[in-house]
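Each chain, letter by letter, is given below.
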Amino acid sequence: MWGFLKRPIVVTADINLSLVALTGMGLLSRLWRLTYPPAVVFDEVYYGQYISFYMKRIFFLDDSGPPFGHMVLALGGYLGGFDGHFLWNRIGAEYSSNVPVWSLRLLPALAGALSVPMAYQIVLELHFSHCAAMGAALLMLIENALITQSRLMLLESVLIFFNLLAVLSYLKFFNCQKHSPFSLSWWFWLTLTGVACSCAVGIKYMGMFTYVLMLAVAAVHAWHLIGDQTLSNVCVFCHLLARAVALLVIPVVLYLLFFYVHLILLFRSGPHDQIMSSAFQASLEGGLARITQGQPLEVAFGSQVTLRNVFGKPVPCWLHSHQDTYPMIYENGRGSSHQQQVTCYPFKDVNNWWIVKDPGRHQLVVSSPPRPVRHGDMVQLVHGMTTRSLNTHDVAAPLSPHSQEVSCYIDYNISMPAQNLWRLEIVNRGSDTDVWKTILSEVRFVHVNTSAVLKLSGAHLPDWGYRQLEIVGEKLSRGYHESMVWNVEEHRYGASQEQRERERELHSPAQVDVSRNLSFMARFLELQWKMLVLRSDDSEHKYSSSPLEWVTLDTNIAYWLHPRTSAQIHLLGNIVIWISGSLALAIYALLSLWYLLRQRRNVHDLPQDAWLRWVLAGALCAGGWAVNYLPFFLMEKTLFLYHYLPALTFQILLLPVVLQHISDHLCRSQLQRSVFSALVVAWYSSACHVSHTLRPLTYGDKSLSPHELKALRWKDSWDILIRKH
Amino acid sequence: MPPATGGGLAESELRPRRGRCGPQAARAAGRDVATEAAARSPKRPARGSQRFEAAGRWALLALVTLLSFATRFHRLAEPRHICWDETHFGKMGSYYINRTFFFDVHPPLGKMLIGLAGYLSGYDGTFLFQKPGDKYEHHSYMGMRGFCAFLGSWLVPFAYLTVLDLSKSLSAALLTAALLTFDTGCLTLSQYILLDPILMFFIMAAMLSMVKYNSCANRPFSAPWWFWLSLTGVSLAGALGVKFVGLFIILQVGLNTIADLWHLFGDLSLSLVTVGKHLTARVLCLIVLPLALYTATFAVHFMVLSKSGPGDGFFSSAFQARLSGNNLHNASIPEHLAYGSVITVKNLRMAIGYLHSHRHLYPEGIGARQQQVTTYLHKDYNNLWIIKKHNTNSDPLDPSFPVEFVRHGDIIRLEHKETSRNLHSHYHEAPLTRKHYQVTGYGINGTGDSNDFWRIEVVNRKFGNRIKVLRSRIRLIHLVTGCVLGSSGKVLPKWGWEQLEVTCTPYLKETLNSIWNVEDHINPKLPNISLNVLQPSFPEILLESHMVMIRGNSGLKPKDNEFTSKPWHWPINYQGLRFSGINDTDFRVYLLGNPVVWWLNLLSIALYLLSGSIIAIAIQRGAQLPAEVAGLSQVLLRGGGQVLLGWTLHYFPFFLMGRVLYFHHYFPAMLFSSMLTGILWDTLLRLCAWGLASWPLARGIHVVGILSLLLGTAYSFYLFHPLAYGMVGPLAQDPQSPMAGLRWLDSWDF
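Residues numbered from 1 in each chain as written. Chains lettered and ligands numbered in written order. Predicted model: local features only at pLDDT ≥ 70, side-chain atom pairs only at ≥ 80, totals over all residues. Heavy atoms only, no water.

Draft legend 1. Examining the overall build of chain B more closely. For chain B, the helix and strand inventory stands at 19 helices and 16 strands. A buried classification covers 56% of the 750 residues belonging to chain B. Sequence separation of at least 24 residues holds for 76% of the intrachain contacts in chain B that already meet a minimum separation of 6. With 66 positive and 47 negative side-chain charges, chain B shows a separation of 8 Å between the mean positions of the two kinds. (Helix = DSSP H or I, 4+ residues; strand = E, 2+ residues; numbered from the N terminus. Buried < 20%, exposed > 50% of the residue type's maximum accessible area, 1.4 Å probe, protein only. Contact = heavy atoms within 4.5 Å. Lys, Arg positive; Asp, Glu negative; His and termini not counted. Charge placed at Lys NZ, Arg CZ, Asp CG, Glu CD.)

Here is the structure:
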């Protein structure tokens, strides 16, 4: 018990001073004058508004990526005590004093700084020399584009950090595997791989690329493990199970956790409510919830309802009618029924109210006890303000001539009978006797006479229809489409028999009681789905570029310009590193092909262990570049230079690997080796020189004369801002 | 397990064929060959029975072919009206007969063959093919339908032979043939004037000849080897020539060839020269030959279609000059642009059209209320503009002035000829593309303001050069705002007569939207030159037509509020396509896979993945498999793997496509999936029989299993055949209908 008294307590610390030095330099380069410029720089304007939403706990929807990235930035704001009050409207706007710029930019900067020592570690874990590892870290340190991107409130540096962390921890795990499987550190690194992958995915969908790469590498290694006949079947099974849990289950759980926290944090209704379904909106505080709170759940004959289209494109809207009729003759000469218009209207309005009527009875009030409407029931929909009923007939719709016109029926006594019976179909029913529920039920209205389905066509009516959206009866309902599905949003039991009284009732807000909540999974699925399918339409941008321009750095992005002087910040890479990175990749590919072909003919140029090292380094670094770059060719969205940065870091990791390989295996004499080393040193100093020359554009701290700026414009395609005086 | 009983199960049909080529597995490592041979031919039958057996094989093949032809040609003439896409492809066949130029997003071979079939069968190209449902009446359409059905019928024997070669098992081949013969979807798709039967014919021909040349690998450079290799190349050219989907089978053959060459390269008994010969042979037959044939189809296409037709507007001015009847054909116009010239200006992007203006103003609230400027696809007087100097309004056509050419970098004014208004832009947002500036017609009789000045620039040329008609790629840069004249390609609402929006974009990116060329050019003071000098060369028109096709394909975008078919619908046979008829009085044909076949296929893929991975893991764990099982698992992994690859390549790329997709896109993949089903069930049943060898009835399991599958598909075909051969009478919801009770999914509407 007192054993520790008998022996002295000894702490031995192994401190790799170069690692410490690298970390120090990384921190210095990323954190130096972090609050400068004290103005909104480029995409900060975009992320900033979401940080404000987090601070104010207001729900928002952003299609650019999962919420973890935004939450990391918001954490910075939280730590700095940001209250969220800043109008993020313009790049270049000066920050007010309540914005803690330093702490907002701190986390991305730390992530960027830590990438430097991690590059060192990764190359070491790949079993390359200390020199090569230093090289990789030093290249990361002086890469201008990485510095610019980490010093601002942006997400790429955090993404790169988690990408590198995933690679590093997998390598650590893989090296543990050889001597001590199932040890504590083995478990630690394996789990950390899964966690890092899931964080990367949580920051941007792009993180998926690295995750897939790690899964592929892990799968190949697992396949070798299966082939290892010295292990027992049980042992192999345990190995596979551990990998499956760490690399598949943990990431999924974590990803869900991000959304869980996101939805817990954002509980107030906000500007993007409209995109979400009524049920989702009702789960937020304020907004629709205030209106729907306490509504009766089951729709009964006599209920007053508003009907929202579930698809909601081009804009979310409600079924609507008003006094005006369809014009007798359209502009193109076709005729109409001249009956009352039925449209879809994107704003709340008293004309959005409809009464669900039992065709067999006359009264428009809910009887007591209420008779709920079920799947398959025949209903009439009576417009609340005009008491005309929803009708469709074999007349071409105004803008979609292949569909039927939908109107509110006016009897002109011209042998055009009312066809106002609709059969209710609940799409998401559990059984065929389900009751029509407010908000929760998604229903279709099938016309009894013509079996047309009530549908939002998506076209805007001309001036006579006040540019509201066209509603049609779709005859050839080819399958399920959300534009034919509706749900009840506001609902109350109608009580007034008299029209005048009813109108007053319709104008007054609905009030009763009961509250409902969606489960987390339902909210998660809806939010995720909306994020994936939301398309921002007009996305042309002055600084967008195509993937082909990235490899050779033919493009840049002007991030910020000082309001008075010509100090400016650009996303502009160190061109020496970019070009040599691409060269190294080409050399790697050619050498590998050469070795493979020679091996096939039974000529082994490399010793087995050197070959395995070469292959693993290539799989992770060249593979990392490929998975992070090539998919962009298939994407149709607007792309920017910063999308290339994750791929670039993998290229930077590959560079020293290739250099060391050339020196070790291709230089035949000591002399050649010395000459080669000298060349490498010369090359690195030129990279340093370029980095230093571009420094004013990276930090934006020095105002350059137009002449100097012109001198920096090494490529015609670079857009460097020169003030005309 | 005792190998003797296992051997007894390996019926004589498992023996390698006595053909000129050995089993495909001969390429496998020597050990496999030995075990397989041991497993497959335990006892050598007598010579006489061998001959008898060969005759039996031929008879079986003949039976399969006959059945396939019989089902495809049965009631081919029905219905006697246009069904579904016949309206397109029949029309395009007619264009070939009439030799008028048209545009389609697919390469020409398929439509050319349809046209040829129609021509040979006496169709004169006069039927209009206006819309589905139009009666053919006296027009001869059976030649074209018969041709498609003829090619479609070959799918079954091709699949039969492919599976036979891959699995060496008659029962597997028979099962595949039955699945395809009795699939209502394949049947329907083969009975009409469509590209799909032609495409699938070439795909299956390529697959078959690839498998055949693989099995000739032990006798390289022999006559059959060359035959099958070059046949593969020819079929690839055919597949790509019909639709770009043919790329997938090219990919498959390519992967197979690379693996093959890799294997040969690692064979140290072959000298590098021999390997080089192998490589050259493949380059010749699989790259050079198909490319030559593919180019040849385009050469024929351009040669046959020499008259101007509905496709002109999609192509560049230089291209149109080739077509007789087009106003650019044999035209002679001045070559260099001069001040005072009357011109039309065409956007270089496909299907944008000519710069256009007319006497209508932008409506209230949309930018400044000035005259509209749009682009318009058709030729019209309102497309004419006059080039003027920016600073003088004098008439340059006055004979006293010398001719002054317009040069790159000049500041000009473009005056609309009909309305005498200047092309104008200003800081108002454009009607649809809000980030761009509005372009209008402004000024009275050519007098406007400085916002009418444009700098004319030729892409990739030096300042001061003259500007050539048709050849020069021009950009017009607005002097005051610095923006570039372009068309966004968006359709204006009713007020703009549904013409396309013209904007001035402040983003100086070089896209085709903002590049123009001069097409018509009238200037009496200049000498005319013949346009034939400017005629593009064959490689140029080949390239251009490909660009236009690719753009056309990616332009087929689904609309937001419409139901569209999604790739995940297809394998589960979620929804079919209406070929003809809607109401209960119509003759209705509904393209839908035979659900029994399709769901069996789906099940088989899952089962294959499961059993394949179990076997692969067992082998990787070093399990010692008995000879019989080892042989069967080789069939499953190699043969099945190849077919599975085919299914993957023909299915998954559709998930990445942005264009509109239809149910029938799945059918090439479905062929591969049926072959997989054949191989899988045969192998599994054999494995089953082997596993239960101690049980007396074990031998029967295989026979009974295969027979019940065959009969099951045949019976389901009996049930569902009205889908393909046509139904009249009440719809399926009605208990009176012949199809009552067969609507197993709500989404099927027949």
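Now that the structure is up, let's keep going.
Draft legend 2. Just the state of the cysteines, in detail. All names here are of chain A. For the structure on display, the rule yields two disulfides over all chains. Across the disulfide, Cys317 is cross-linked to Cys344 (sulfur-sulfur distance 2.2 Å). Note on the Cys317 and Cys344 pair: the S-S dihedral is about 95°, so by sign convention the disulfide is right-handed. Residue Cys317 is located in the loop between strand S1 (303-309) and strand S2 (318-325), and its partner Cys344 is located in strand S3 (residues 340-345); the two are separated by 27 residues in the primary sequence. Pair check on accessibility: Cys317 and Cys344 agree, each one buried. Looking at the unpaired Cys238, the closest cysteine sulfur is the one in Cys235, lying at 6.6 Å. (Disulfide = S-S within 2.5 Å.)

Draft legend 3. Looking closely at the side chain of His358(B). Residues and elements named next belong to chain B. By secondary structure assignment, the location of His358 is in strand S3 (residues 354-361). Here the side chain of His358 touches His356 through a polar contact of 3.1 Å, side chain to side chain. With near-sequence residues (within four places) excluded, His358 lies in contact with Gln371, Gln372, Thr374, Asn382, His416, Trp497 and Gln499. (Polar contact = N/O pair within 3.5 Å; in protein donor to acceptor, adjacent residues only side chain to side chain.)

Draft legend 4. Fine view of the domain arrangement of chain B. Annotation of chain B at the domain level lists domain 1 (196-299), domain 2 (332-530) and domain 3 (556-749). For domain 1 of chain B versus domain 2 of chain B, the separation of C-alpha centres amounts to 51 Å. (Domains from an automatic or database assignment.)

Draft legend 5. Summary view of the confidence of the model for chain A. In this model, chain A carries an average pLDDT of 88, and 95% of its residues clear a pLDDT of 70 or more. Counted against residues more than four places away or in other chains, residues 510-515 of chain A, with its pLDDT under 50, gives 13 contacts. (pLDDT = per-residue confidence, 0-100.)

Draft legend 6. Layout of the interface of chain A and chain B. Contacts between chain A and chain B engage 39 residues on the former and 33 residues on the latter. Summing both partners gives a buried area of about 3,100 Å² for chain A against chain B, and 49% of it is carried by carbon and sulfur. Inspection of the chain A/chain B interface yields zero salt bridges. Counting across the chain A and chain B interface gives ten residue pairs in polar contact (both at pLDDT 80 or more). Looking at the side of chain A that touches chain B, the elements with two or more residues in it are helix H10 (207-227), helix H11 (233-265), strand S10 (453-460) and helix H17 (575-600) of chain A. (Buried area = accessible area lost by both parts, 1.4 Å probe. Salt bridge = Lys/Arg side-chain N within 4 Å of Asp/Glu carboxyl O.)

Draft legend 7. Region of the structure containing the UniProt feature "domain: MIR" (unreviewed entry) in chain B. Residue and element names in this part refer to chain B. UniProt annotation of "domain: MIR" (unreviewed entry) refers to residues 334-390, 403-459 and 464-521 when read in the numbering used here. Along residues 403-459 the backbone is 0% helical and 44% strand, and the end-to-end C-alpha distance reaches 24 Å. Counting secondary structure, residues 464-521 comes out at 0% helix and 43% strand; the distance between its end C-alpha atoms is 20 Å. (UniProt positions renumbered as here; feature names shortened; annotations may be inferred.)

Draft legend 8. Structural detail: the confidence of the model for chain B. Residue and element names in this part refer to chain B. Residues at a pLDDT of 70 or more form 91% of chain B, whose mean pLDDT is 84. Residue range residues 1-20 is modelled with pLDDT below 50. Its contacts to residues more than four positions away, or to other chains, number 35 contacts. Every residue in residues 22-45 is under pLDDT 50, and counting partners more than four places away or in other chains gives 38 contacts. Here the predicted complex carries an ipTM of 0.78, next to a pTM of 0.81.

Draft legend 9. A look at the packing of aromatic side chains. Residue and element names in this part refer to chain B. Inspection of the entire model under this criterion finds 93 aromatic pairs over all chains. Taking 5.7 Å as the distance between ring centres and 65° as the angle between the ring planes, the aromatic pair formed by Phe69 and Phe150 counts as edge-to-face. Placement of Phe69 in helix H3 (residues 47-73) and of Phe150 in helix H6 (residues 142-153) is noted, with a sequence separation of 81 residues between them. A relative accessible area of 37% means that Phe150 is categorised as partly exposed. Relative to Phe302, the ring of Phe298 has its centre 6.1 Å away and its plane inclined at 45°; by these criteria the two rings are tilted. With Phe298 and Phe302 both in helix H13 (residues 272-304), this residue pair falls four residues apart, about one helical turn. (Phe/Tyr/Trp six-rings, centres within 6.5 Å; stacked < 30°, edge-to-face > 60°.)

Draft legend 10. Main features of the pairing of strand S8 (residues 437-442) of chain B. Residues and elements named next belong to chain B. When you tally the buried positions in S8, you get five out of six residues, the bulk of the element. Bridge count between strand S4 (residues 371-376) and S8: two bridges; the pairing is antiparallel. In the strand pairing of S8, Gln371 is matched with Gly441. Bridging between strand S7 (residues 422-429) and S8 involves six bridges; their strand directions are antiparallel. Residue Glu429 lies in a different strand from S8, and its bridge partner there is Tyr437. Bridge analysis of S8 against strand S12 (residues 500-505) gives two bridges, and the strand direction is antiparallel. When the bridges of S12 are listed, Tyr437 appears paired with Cys504. (Pairing = 2+ DSSP bridges.)

Draft legend 11. Fine view of the layout of surface pockets. Considered as a void within the structure, the second largest pocket measures approximately 1,100 Å³ in volume. Together, 28 residues line the second largest pocket, and Lys542(A), Arg713(A), Asp716(A), Asp719(A) and Leu508(B) are the ones closest to its centre. Listed by contribution, the elements that provide at least two residues to the lining of the second largest pocket are strand S9 (454-458) and strand S10 (474-478) of chain B. For the lining of the second largest pocket, the class distribution of residues is ten nonpolar, four polar and 14 charged. (1 Å grid on protein atoms, 1.4 Å probe; cavity = no way out; pocket = protein on both sides within 12 Å on 5 of 7 lines; lining within 4 Å. Points joined across faces, edges and corners; volume = space filled by probe spheres on them. Nonpolar A, V, L, I, M, F, W, Y, C, P; charged D, E, K, R; others polar.)

Draft legend 12. The environment of Lys455(A), seen in detail. Here Lys455(A) shows up in strand S10. Residues Lys455(A) and Glu470(A) lie 15 residues apart in sequence; the distance between their C-alpha atoms is 8.7 Å.

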